[in-house]
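Coordinate inspection notes
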Amino acid sequence: MPSYRQSFGYRLFTIGNMVFLTLLAFSCLFPLIHVFAISLSSAQAVSAGAVKLWPVDFTFASYETVFTKKAFLQSFGITLQRTLLGTSISMLLITLLAYPLSKDSRQFRFRTVYAWFFVFTIIFGGGLIPSYMVVKETGLIDSIWALVIPSAVPVFNAVLLLNFFRNLPKELEESARLDGANHWTTLWRIYVPVSLPALATVLLFTIIGHWNSWFDGLIYMNQPEKYPLQTFLQASVISKNLSEMTAQEAEKFFRVNDRTGRAAQIFVASLPILLAYPFLQRFFMKGIVLGSVKE
């Protein structure tokens, strides 16, 4: 009798599964490919609706315009600064929060009380107006810290790391204690090195969260020149103000229209995440099951 893996039904399922996943992957990539093709096409071809998945009248004019646009480069730098600063602070605070909360009540007496204190913030929020008032009264409006401090401790990411820490073998900590290690040494010398998949997963979530965030820049920044990249794109794509067009931009209009220029900006804004993901993917595949299986 043929084995299960060689049966007709199994082969049919495998082929169908591969076709389905291929179509699903293409449906996810299609918008990005389409935007990339528009960014490399001429303004006339885009206006005529001739661009689908391949550039028409190939040109780099859109990217030349984007990389000479001061407002775009300035917002890109703000987002880069925000991502580096915010991710560093968040990862430090998440790690310091997850370690004590991963202990049981015998080691950390009020562990449950503190855990619910943080989980409560996931279930209930103060609202937009109180959040804005806190940021305003602390003097953070129009500063990079308004984009970093309010989201410095993403509790959901802390819970993921907490669950991973709880499933680490207790013998690791016990052996470190026998060798005279304190909690600080145990965390940075034992827990962190063996938790790289979990940390990489949380790192990826944190980077994407900071890079894609736009609403906080819209409400905390009163000056457009201080907008982060995604807020700048939102203002440029959705609420474009034609009165802001300079004489030089008007001269380039027939070569680079709004659609090609916006497509180039969107693709450039997405590129850093697309480049970062492959380096974190091998850790992400292990860390995505944070705490679900104890080895």
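Reference entry: report on the structure contained in this document. None of these values were measured; they are calculated from a predicted model. (Residues numbered from 1 in each chain as written. Predicted model: local features only at pLDDT ≥ 70, side-chain atom pairs only at ≥ 80, totals over all residues. Heavy atoms only, no water.)

1. A short note on the environment of Y114
Which entries qualify depends on this criterion: Each helix is a run of DSSP H or I of at least 4 residues and each strand a run of E of at least 2, with the numbering of both proceeding from the N terminus.
Structurally, Y114 is set in helix α5 (residues 111-123). Between the alpha carbons of Y114 and L97 there is a distance of 9.9 Å; along the sequence they are 17 residues apart.

2. Things to note about the layout of surface pockets
Cut-off, in case you're wondering: In this analysis, the protein atoms alone were mapped onto a 1 Å grid. Cavities are point sets where a 1.4 Å probe fits without being able to get out; pockets are open sets with protein on both sides within 12 Å along at least five of seven lines; lining residues have an atom within 4 Å of a point. Grid points are joined across faces, edges and corners, and a volume is the space filled by probe spheres set on the points. Polar here means any residue outside two lists: the nonpolar Ala, Val, Leu, Ile, Met, Phe, Trp, Tyr, Cys and Pro, and the charged Asp, Glu, Lys and Arg; Gly therefore counts as polar.
Volume-wise, the largest pocket comes out at about 780 Å³. Lining the largest pocket are 27 residues, with S131, P150, S151, V153 and P154 positioned closest to its centre. Per element, the largest residue contribution to the lining of the largest pocket is four residues, and it comes from helix α12 (residues 215-220). Partitioned by chemical class, the residues of the lining of the largest pocket number 14 nonpolar, eleven polar and two charged.

3. A few points about the nonpolar core
Quick reminder of the rule: In this description, a nonpolar core means a group of buried Ala, Val, Leu, Ile, Met, Phe, Trp, Tyr and Cys residues linked to one another through side-chain atoms lying within 4.5 Å. Per-residue accessibility, obtained with a 1.4 Å probe over protein chains only, is compared with the maximum for each type, and a residue is labelled buried under 20%, exposed over 50%, and partly exposed between these values.
Core analysis: the largest hydrophobic core is formed by 26 residues, its most contacted members being Y63, F72, V135, A146, Y220, L229 and L233. Taken together, the elements giving at least two residues each to this core come down to α3 (61-66), α4 (70-101), α7 (145-148), α11 (196-212), α12, α13 (229-237) and α15 (258-287). Per element, the largest residue contribution to this core is five residues, and it comes from α15. Formed by 19 residues, the second largest nonpolar core is a distinct cluster that contains A115, L161, F165 and L187.

4. Some thoughts on the packing of helix α10 (residues 183-194) against α11
Where we set the bar: Angular values range over 0 to 180 degrees, each being the angle between N-to-C directions of two axes fitted as lines to C-alpha atoms, with helices fitted over their stretch in contact. When an angle is under 35 degrees it counts as roughly parallel; over 145 it counts as roughly antiparallel; between 65 and 115 it counts as roughly perpendicular; any other value is oblique. Contacts are assigned to residue pairs with any non-hydrogen atoms lying within 4.5 Å of each other.
The geometry of α10 relative to α11 is characterised by a closest axis approach of 5 Å and an angle of 75 degrees between their N-to-C directions. As summarised for this structure, α10 and α11 are arranged roughly perpendicular, according to the angle between their axes. Of α11, the residues touching α10 (which contributes V192, P193 and V194) are L196, P197 and L199. Partitioned by chemical class, the residues of the contact of α10 with α11 number six nonpolar, no polar and no charged.

5. Observations concerning a nonpolar patch on the surface
Filter applied, for reference: Exposure above 30% relative accessible area and the absence of a salt bridge qualify a residue for a patch, where like charges join within 9 Å and nonpolar side chains (Val, Leu, Ile, Met, Phe, Trp, Tyr) within 5 Å. Working definition of accessibility: Shrake-Rupley area with a 1.4 Å probe, residue cover restricted to the visible protein chains. Salt bridges are defined by distance alone: a side-chain nitrogen of Lys or Arg within 4 Å of a carboxyl oxygen of Asp or Glu.
Residues L92, L93, L96, V153, W184 and W188 make up a contiguous nonpolar surface patch of about 520 Å² in total accessible area. When residues of the nonpolar patch are traced back to their parent elements, those giving at least two are α4 and α10. For the nonpolar patch, the element with the highest residue contribution is α4, accounting for three residues. Along the chain, V153 falls in the loop between α7 and α8 (155-166).

6. A closer look at the packing of aromatic side chains
This is how it is decided: Pairing of aromatic rings covers Phe, Tyr and Trp, the last counted by its six-membered ring, and requires centre-to-centre distances within 6.5 Å; plane angles under 30 degrees mean stacked, over 60 mean edge-to-face, and any other angle means tilted.
Taken as a whole, this structure holds 14 aromatic pairs when the rule is applied. With centroids separated by 6.3 Å and ring planes inclined at 40 degrees, the aromatic side chains of F72 and F76 adopt a geometry described as tilted. Remark: F76 and F72 occur in helix α4; sequence separation between them is four residues, near one turn of the helix. Taking relative accessible area as the criterion, F76 reaches 22% and is therefore assigned partly exposed. The structure contains a cluster of three or more aromatic residues connected by ring pairs, namely F72, F76, W211 and F232.

7. Considerations on the pattern of salt bridges
Throughout the structure, instances matching the rule amount to three salt bridges. The partner of D216 in a salt bridge is R82, and the shortest N-O contact between them spans 2.6 Å. In this pair, D216 sits in helix α12 while R82 sits in helix α4, placing the two residues 134 residues apart along the sequence. Both residues of the pair, D216 and R82, belong to the buried class.

Bear in mind that shape data such as this cannot, by itself, settle questions of function.
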